[in-house]
Amino acid sequence: NAKDIIFNSMRLWCIWLLASLWRAACEEGAGVLKSFYKLDDEIQETVWCGDDNSVILVRTESNSVYRSDDHGDTFVRITKKMHKSAEQIVDNSTEIGEVTRIIKLEADNKILLFVGNRGVFWISNNCGKSMKALNKEFMIAQVRPHPTDPNKLLATAVQNCKDDDDDLCFYGTHSLYLTENMGETWRQVATNVKQFDWLFDFVQTFRGMPQDRIFALTRTPTQDVLVMTDDFFKTRTALVNNCLEFRLRSTYLFAIKGFKGDEVHLLVATVKNRFEKFYRAVFPDIKLKMKNVHILDSSEGVIFLLTTRKPTAPFGRLYVSDSTGLRFRLALKSCLRSSVRGADFAKIQGLEGVYIANILEKNAAREYERMMEKDDVEEEEWVEEERKESTYFWSPRSQKRKDTRSFIINNVQTVITFNKGSIWKLLEPPKTDSKGKKTRCSLSDGCSLHLFLYVDTTVPILSQNSAPGIVLATGNLGKTRNPSGSMRRVYMSRDGGLKWTEAAKEEHVYEVADHGGLVLMGQLDTGDKDLVSLAFTWNGGSTWENFDIHKKNTSIEDIFTEPNATSQRFILHLKQREDLDEETILIHSSLASMNFEELHQKICKGEDKPGTPNSDFEYWSPYDGRQGQDCLLGRTLTYIRKKKDRECFTSTEFTYPINIENCICTEEDYECDFGFIRSELLGDYTCIPKTPKPQNPNTLYNMRESKCREWV
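Residues numbered from 1 in each chain as written. Predicted model: local features only at pLDDT ≥ 70, side-chain atom pairs only at ≥ 80, totals over all residues. Heavy atoms only, no water.

Chemist: Hey, could you go over the packing of aromatic side chains for me, with residue numbers and the actual values?
Modeler: Aromatic rings considered in pairs are described by the distance between their centres and by the relative angle of their planes. Counted according to the given criterion, the structure contains 17 aromatic pairs. Between Tyr 37 and Tyr 66 the ring centres are 5.8 Å apart and the planes differ by 70°, which places this aromatic pair in the edge-to-face class. Of this pair, Tyr 37 sits in strand β1 (residues 33-38) while Tyr 66 sits in strand β4 (residues 65-68); the two residues are 29 residues apart in sequence, bridging distant segments of the chain. Their ring planes at 70° and their centres at 4.9 Å tell us that Phe 536 and Phe 596 sit as a pair that is edge-to-face. Placement of the pair is Phe 536 in strand β37 (residues 531-537) and Phe 596 in the loop between β41 (585-595) and β42 (617-620), with a sequence separation of 60 residues. According to the relative accessible area criterion, Phe 596 is buried, its value standing at 0%. Put simply, the rings of Phe 536, Trp 538, Phe 547, Phe 570, Phe 596 and Phe 649 pair up and form one aromatic cluster. (Phe/Tyr/Trp six-rings, centres within 6.5 Å; stacked < 30°, edge-to-face > 60°. Helix = DSSP H or I, 4+ residues; strand = E, 2+ residues; numbered from the N terminus. Buried < 20%, exposed > 50% of the residue type's maximum accessible area, 1.4 Å probe, protein only.)

So this is what it looks like as structure tokens:
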């Protein structure tokens, strides 16, 4: 009848429209795909070079070097050219070796140093277009370019001890060499060096410190000593005796000093005293032990560090200092440890005072502490034995380790702070998922969002200084983090982690570009070995455009963009599997270039009139969710950024203006003074005593009667 004819016609029209829209989206995505380039092995290192980061250097696991000078559209293998230049300065080609590291000099972003594993290295002053091979006649162990003078380099070489009884030569130390003409000639300036570093950057020279200041940990017949020199070791000043290691971070210089047995002291010097005077850091309730101290961040005038019961302990205590860097308080009792980064802990780039950490759920943390106190000695025994055992060998102790790990990974929660660790909160879950369905997850029901930051994931959390407020991470909803891969989703925030939306149901790799206005994702497991599934958004995740790449035996590994994340270009890192015969499989990497400038979309306008209807830009101030409060840490920061719903590209020259105004502090903008902690029982932000007041009036610290100290 007529109704059926009309209905079928409408249905066919809808199918045609959806197919047209899908085809248009695929054509749009395919239009930005520029090229594929096959590499000889897996990618080991990627370096971006030049004022506009248009040159890309890639080193593979086979130590081959590839170069692109057109933002990654094409690549050329330059390994043979490098070997040919090196043949002119050596008698035997076996002396050339392979490139094991590519270093871009901080003092000049066009100069590259290619470190070899033999006596040869290469210098280029034009991002690898041409290069000069140099033979230094010693093998570099470590190298440090000068922060402001591109001609100066420090490098260590393995020290050859002539005699076992030589008191002036120690195994495990290095000779330190200096070049002042970009590697043409080298001279030895020190021996028995364990660590070394230049003074941080040119900012320190404006504070009256010499630009050639060097810190080094040197070994003597009786102890290791941290020394300082301003004249390349013609003279030196001893700073810390019995020093085990040191770290130079931002405006702090840290030294670990041996005390009694395995107990150590953390000593801190600051830029205010020219890094010349050290003071002992004070902790309210612990004794520090060697290899159990991990400095995590010191970029915002306070220090975050993790201490663990043992070097292999899965959790540790997170401490945060005051502005002096000397008085520490407990911030989190059970923060997940990372063997690579120290802790499963992330600073949200581009924002002040915002950090995310993974912890053990409160009740599980109490149980874990009880387990560790009961089995303290036994734990050390089975951990040591586990190192000796085969992965496939079962024993009661190895089974116990597996049971402990299972207990841990099933009880992890994610928390966030907006005030440098004073108050930590669970992440607010999104109300709907990426399909628009209700999540039925709320904080009032004990359900929250939990993220995989760095531990137990190949896709770490992502934030950029050039994209304030934009955060992407993999996670799940629930009472705790779920280790199952099938439960992992991609979540996105536009306000620094306060609120989140689900971006994708499956696990993806992701990257941001165009100041955060463009986000590209690639699905890790599509279920089709010949399919790479991609999606991008330029409206803050409101909608996603999907498109596929069909290539035999190909999967996506990662997505790169230039370090500033301001362009509209991406590089896809793809993995390809090649079956040579029934028993031989070759796996190698490929690079694919994507240029969203090819879409010829309009450039965002109105950055001089943000917030007006005709402007593509808006004002935005980060906050922590308190009603009517845009004030954090006693300040209101106002950024200008692209509006979420505007589908346009931001110019690469655009910078995020920041306006700063002081505001009234509230209780959450204060932190408990030394010896006091936030109450978990009172349900508010009251500071209660953790330890008694020091009885010695000459101690380094004093209690404040207010028990709270402002961050600002």
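Chemist: Which residues make up empty space enclosed by the protein, and what values do they have?
Modeler: Within the structure shown, the criterion is met by five cavities of 30 Å³ or more. Size it by volume and the largest cavity reaches roughly 140 Å³. The residue makeup of the lining of the largest cavity, split by class, is four nonpolar, six polar and six charged. One number sums up the size of the second largest cavity: a volume of about 80 Å³. In this structure, the second largest cavity is lined by Leu 351, Glu 352, Val 354, Pro 622, Leu 632, Leu 633, Arg 635, Leu 637 and Tyr 639. (1 Å grid on protein atoms, 1.4 Å probe; cavity = no way out; pocket = protein on both sides within 12 Å on 5 of 7 lines; lining within 4 Å. Points joined across faces, edges and corners; volume = space filled by probe spheres on them. Nonpolar A, V, L, I, M, F, W, Y, C, P; charged D, E, K, R; others polar.)

Chemist: So what's going on with the environment of Ala 238? Which residues, and what values?
Modeler: The residue Ala 238 is located in strand β16 (residues 237-241) in this model. Each C-alpha atom, one on Ala 238 and one on Leu 226, is 6.1 Å from the other, the two residues being 12 residues apart in sequence. Discounting chain neighbours no more than four positions away, the residues touching Ala 238 are Val 225, Leu 226 and Val 227. (Contact = heavy atoms within 4.5 Å.)

Chemist: Outline the sheet that holds strand β19 (residues 264-270), supporting the account with residue identities and numerical values.
Modeler: If you trace the four strands from one edge of the open sheet to the other, you get β17-β18-β19-β20, paired in antiparallel fashion. The open sheet has two edge strands, β17 (243-249) and β20 (279-280), and neither has a second partner. Relative to β19, strand β18 (residues 252-258) is paired through seven bridges, and the arrangement is antiparallel. Looking at β19, one finds that Gly 258 is bridged to Val 264. (Pairing = 2+ DSSP bridges.)

Chemist: Requested: an account of the pattern of salt bridges, with residues and values cited.
Modeler: Applying the stated rule across the entire model yields 27 salt bridges. Between Glu 502 and Lys 505 there is a salt bridge; the shortest N-O distance is 3.3 Å. Classification of Lys 505 by relative accessible area gives partly exposed; the value is 24%. In the salt-bridge network here, residues are joined through shared partners; they are Arg 213, Asp 230, Arg 274 and Glu 276. (Salt bridge = Lys/Arg side-chain N within 4 Å of Asp/Glu carboxyl O.)

Chemist: Would you mind going over the side chain of Ser 493 in detail, with residue names and values included?
Modeler: Note on placement: Ser 493 falls in strand β33 (residues 489-493). When its relative accessible area of 1% is taken as the criterion, Ser 493 is described as buried. Within polar-contact distance, the side chain of Ser 493 engages the side chain of Asp 495 at 2.8 Å. The residues touching Ser 493, leaving out its near neighbours within four places in the chain, are Gly 469, Ile 470, Val 471, Leu 498, Lys 499 and Trp 500. (Polar contact = N/O pair within 3.5 Å; in protein donor to acceptor, adjacent residues only side chain to side chain.)

Chemist: So what's going on with unusual backbone geometry? Residues and values would help.
Modeler: Not every positive phi belongs to a glycine, and Phe 232 is a case in point at roughly 55°. Within the fold, Phe 232 resides in the loop between β15 (224-229) and β16. The backbone phi angle of Asp 514 is positive, close to 50°, even though this residue is not glycine. Since its relative accessible area comes to 0%, Asp 514 is described here as buried.

Chemist: Please provide a residue-by-residue account of the state of the cysteines, values included.
Modeler: Covalently bonding the sulfur atom of one cysteine to the sulfur atom of another cysteine gives a disulfide. Tallied over the full model, the rule gives three disulfides. Put simply, Cys 49 and Cys 127 are joined by a disulfide, and their sulfur atoms are 2.1 Å apart. Linking Cys 49 and Cys 127, the disulfide has an S-S dihedral of approximately -80° and is accordingly described as left-handed. Of this pair, Cys 49 sits in strand β2 (residues 43-49) while Cys 127 sits in the loop between β8 (120-124) and β9 (132-135); the two residues are 78 residues apart in sequence, bridging distant segments of the chain. Neither residue differs from the other here; Cys 49 and Cys 127 are each classed as buried. With its sulfur 2.1 Å from that of its partner, Cys 604 forms a disulfide with Cys 648. Around the S-S axis, the bridge from Cys 604 to Cys 648 shows a dihedral of about 100° and counts as right-handed. Of this pair, Cys 604 sits in the loop between β41 and β42 while Cys 648 sits in the loop between β43 (635-642) and β44 (658-662), and the two are 44 residues apart along the sequence. Each member of the pair Cys 604 and Cys 648 is classed as buried. (Disulfide = S-S within 2.5 Å.)

Chemist: Break down the pairing of β4 for me, with residues and values.
Modeler: What you see with β4 is no split at all: Val 65 and Arg 67 on one side and Tyr 66 and Ser 68 on the other are buried throughout. Note that strand β3 (residues 55-60) and β4 share four bridges and pair antiparallel. From the neighbouring strand, Ile 56 faces β4, where its bridge partner is Ser 68. Here β4 runs beside strand β5 (residues 76-77); their pairing, made up of two bridges, is antiparallel. Paired with Arg 67 across the strands is Val 76, a residue of β5.

Chemist: Tell me about the layout of surface pockets, residues and numbers included.
Modeler: A volume near 730 Å³ is recorded for the second largest pocket. The wall of the second largest pocket is formed by 33 residues, among which Ser 434, Glu 502, Ala 503, Gly 541 and Trp 544 lie closest to the centre. Contributions of two or more residues to the lining of the second largest pocket are made by β33, β34 (501-504), β36 (518-523) and β37. In the lining of the second largest pocket, the residues fall into 10 nonpolar, 12 polar and 11 charged.

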